[in-house]
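Architecture at a glance
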Amino acid sequence: MNAKNADTTVETPPEDLTREQLLGMYRRMRLIRGFEDTAKERFEAGEIAGFLHLSQGQEAVPVGVCSALGPRDYITSTHRGHGDVIAKGCEVKRMFAELYGRATGYCKGKGGSMHIADFSQGIIGATGIVSGSLPTSVGIGLGIKQRGGDEVVVCFFGDGATAEGGFHEALNLASLWQVPVIFVCQNNLYGLSQPWEKTAYKCDLVARVATYHIPGECVDGMDVIAVHRAARRAVERARSGGGPGFIEAKTYRFLGHYVGDPALYMPAEEREAWRKRDAIVKLRGQLLAWGYLTEAEDEAMGAEVAAELQAGVEYAKASPLAAPETALEELYVHFDYLGNPR
Ligand SMILES: Cc1ncc(C[n+]2csc(CCOP(=O)(O)OP(=O)(O)O)c2C)c(N)n1
Ligand SMILES: [Mg+2]
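The structure reproduced in this document is the subject of the present report. Here the residue index of a chain counts from 1 through its sequence in written order. Chains carry letters and ligands carry numbers; both start at the beginning, A for chains and 1 for ligands, and go up in the order they are written. Residues qualify for local features only when their pLDDT is at least 70, as the model is predicted, and side-chain atom pairs are given and counted only at 80 or more; totals for whole chains, interfaces and linings, by contrast, use all residues.

**Notes on helix 8 (residues 224-239)**
Along an α-helix, residues three or four apart share an orientation, since each turn contains 3.6 residues. Just so we agree on the cut-off: Secondary structure elements are taken from DSSP: a helix is a run of H or I of four residues or more, a strand is a run of E of two residues or more, and numbering for both begins at the N terminus. The span you would expect from a helix comes to 1.5 Å times its residue count less one. Counting other C-beta atoms within 10 Å of a residue's own tells you its class, since 20 or more makes it buried, 12 or fewer makes it exposed, and anything in between is partly exposed; those C-beta atoms are placed from the backbone. Here, residues touch in the contact sense if the C-beta positions derived from the backbone fall within 7 Å of one another.
Here helix 8 spans 22 Å end to end across 16 residues, near enough to the 22 Å set by a 1.5 Å rise per residue. Those residues of helix 8 that fall on the buried side of the exposure criterion are Val224, Ile225, Val227, His228, Ala230, Ala231, Ala234, Val235 and Ala238. Packed against the buried residues of helix 8 are helix 1 (19-44), helix 2 (60-66), strand 4 (181-187), strand 7 (216-220), strand 8 (245-250) and helix 10 (279-289). In the segment just after helix 8, Gly241 is the residue with positive phi, at about 90 degrees.

Right, dumping it as structure tokens:
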């Protein structure tokens, strides 16, 4: 990575974040990028089946948001969710195992790339139905409220979801019930091949969400610090009983909709311009400028991340495949009306 490309807009280190926190965010973003680059490579080599929707370019959004959450808070995600779940705490070795269909994966190899969940970390999972996780998140928020908990739910979704009925139904109920849900739109400017500006008339999402009396803000999704601060404000409000919140993070997916999509609908100049705004390069430049990171430390971190990814792939490949006779196990869990399994 070339620090010269970094758009270092913050001249002095932020006072509200420690060096350790910032280095943690930087490492997490690099881990997500590395995970997806490796997954792409292994997919193209024919080792991984199914579909892969990658989020290179969007890393600052889940990392900025999840670094404002505690271990008991919840997230829901989408078909493009690797970054979301790694940001909340998923380990890459069990992620790879899931992609490789192995019994050691987060969902015992039965969920695959689009359905990675880990209830022990509040990672409720994703749905492939665009906008599907919004109503679910409101349900989780209602559950928290009914039992008097202080956790919050972050619901990640794409710009494409905002034109769906589920988006509006969920916002209406979230507002009516004042549930602790933060809706985070990762606006990467495309829903499949459809450019964002062709999906809504004069679209201003914050204004649209405000009609449900839900406070929101639009942030630069290529600036992890800006995303983190917006998330912290929304989390503090939701946790203290202030109800739902909304964040629109303007971001970009550097690659196509899925691995194999030539993405001819994304103009070359546009792609180039967004690549120059890479959030990882930006933070790296800032960390170097603030004396929080040396070139040698940066290289050592890169090597450590690469080793973690390599070990993850090896772990996955050495693990047993999900056994066919387990296919129908654990499809349903029965709860009573208080949420206790029975
Ligand atoms: C209800 C529904 N409609 C259509 C699809 C097909 N589909 C899958 S992903 C996608 C685009 C979603 O765009 P966005 O929400 O912006 O997320 P992104 O892919 O950009 O991360 C579409 C239309 C679907 N899965 N579900
Ligand atoms: Mg999109």
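**Regarding the environment of Thr251**
Locating Thr251 in the fold gives a position in the loop between strand 8 and helix 9 (268-275). In this structure Thr251 comes out as buried when scored by C-beta crowding, with 27 C-beta atoms within 10 Å. A sequence separation of 166 residues divides Thr251 from Val85, and the C-alpha atoms of the two residues are 18 Å apart. With residues near it in sequence (within four places) discarded, Thr251 still touches Gly57, Gln58, Val61, Gln186, Asn187, Asn188, Gly221 and Met222.

**What to know about the sheet that holds strand 2 (residues 123-126)**
Threshold: Pairing between two strands is assigned when DSSP locates at least 2 bridges connecting them. Angular values range over 0 to 180 degrees, each being the angle between N-to-C directions of two axes fitted as lines to C-alpha atoms, with helices fitted over their stretch in contact.
Reading across the sheet, the six strands line up as 2-1-3-4-8-7 and stay open at both edges, with parallel pairing between neighbours. Both outer strands of the open sheet, strand 2 and strand 7, are each paired with one neighbouring strand and no more. Averaged over all pairs of adjacent strands, the angle between their axes in this sheet comes to 15 degrees, without regard to strand direction. In this sheet, strand 4 lies alongside strand 3 (residues 153-158) in parallel orientation, the contact comprising six bridges. Following the sheet pairing, Val153 is matched in strand 4 by Val181. This element, helix 5 (residues 133-146), spans strand 1 (74-77), strand 2, strand 3 and strand 4 of the sheet and lies at about 175 degrees to strand 3.

**Examining the nonpolar core**
The condition is simple: We define a nonpolar core as a collection of buried residues of the types Ala, Val, Leu, Ile, Met, Phe, Trp, Tyr and Cys that are connected via C-beta atoms lying within 7 Å of each other.
Among the nonpolar cores identified, the biggest contains 82 residues, and Met29, Val154, Ile182 and Val184 are the most heavily contacted of them. By residue number, the principal contributor to this core is helix 1, which donates nine residues. Excluding residues within four positions of it along the chain, Val154 makes contact with Val65, Leu69, Asp73, Ile75, Ile182 and Val184.

**Points about the site of ligand 1**
Rules: Working rule for contacts: place C-beta from the backbone, and if it is within 6 Å of a molecule or strand, that residue counts as near it. Gly falls in the polar group here, along with every residue not listed as nonpolar (Ala, Val, Leu, Ile, Met, Phe, Trp, Tyr, Cys, Pro) or charged (Asp, Glu, Lys, Arg).
Every one of the 14 residues lining ligand 1 counts as a neighbour, but Arg80, Val130, Gly158, Gly160 and Gly191 are closest to it. When the residues that make up the shell around ligand 1 are grouped by side-chain class, the tally is five nonpolar, seven polar and two charged.

**Describing the environment of Cys218**
Along the chain, Cys218 falls in strand 7. In sequence terms Cys218 and Val206 are 12 residues apart; their C-alpha atoms lie 6.7 Å from each other. Leaving out residues up to four positions away in the same chain, Cys218 has contacts with Val206, Glu248 and Lys250.

**As for the packing of helix 4 (residues 92-99) against helix 11 (residues 295-318)**
Applied cut-off: Here roughly perpendicular refers to angles of 65 to 115 degrees, roughly parallel to angles under 35, roughly antiparallel to angles over 145, and oblique to all remaining angles. For a crossing to be left-handed, the near helix must be turned anticlockwise from the far one by less than a right angle; the clockwise case is right-handed.
Running from amino to carboxyl end, helix 4 crosses helix 11 at an angle of 40 degrees, the nearest separation of the two axes being 8 Å. Comparing the axis directions of helix 4 and helix 11 gives the class oblique. The element helix 4 and its partner helix 11 pack so that their crossing is right-handed. Mapping the contact onto sequence places Val92, Lys93, Phe96 and Ala97 in helix 4 and Glu308, Leu309, Ala311, Gly312, Val313, Tyr315 and Ala316 in helix 11. Broken down by class, the residue content of the contact of helix 4 with helix 11 amounts to eight nonpolar, one polar and two charged.

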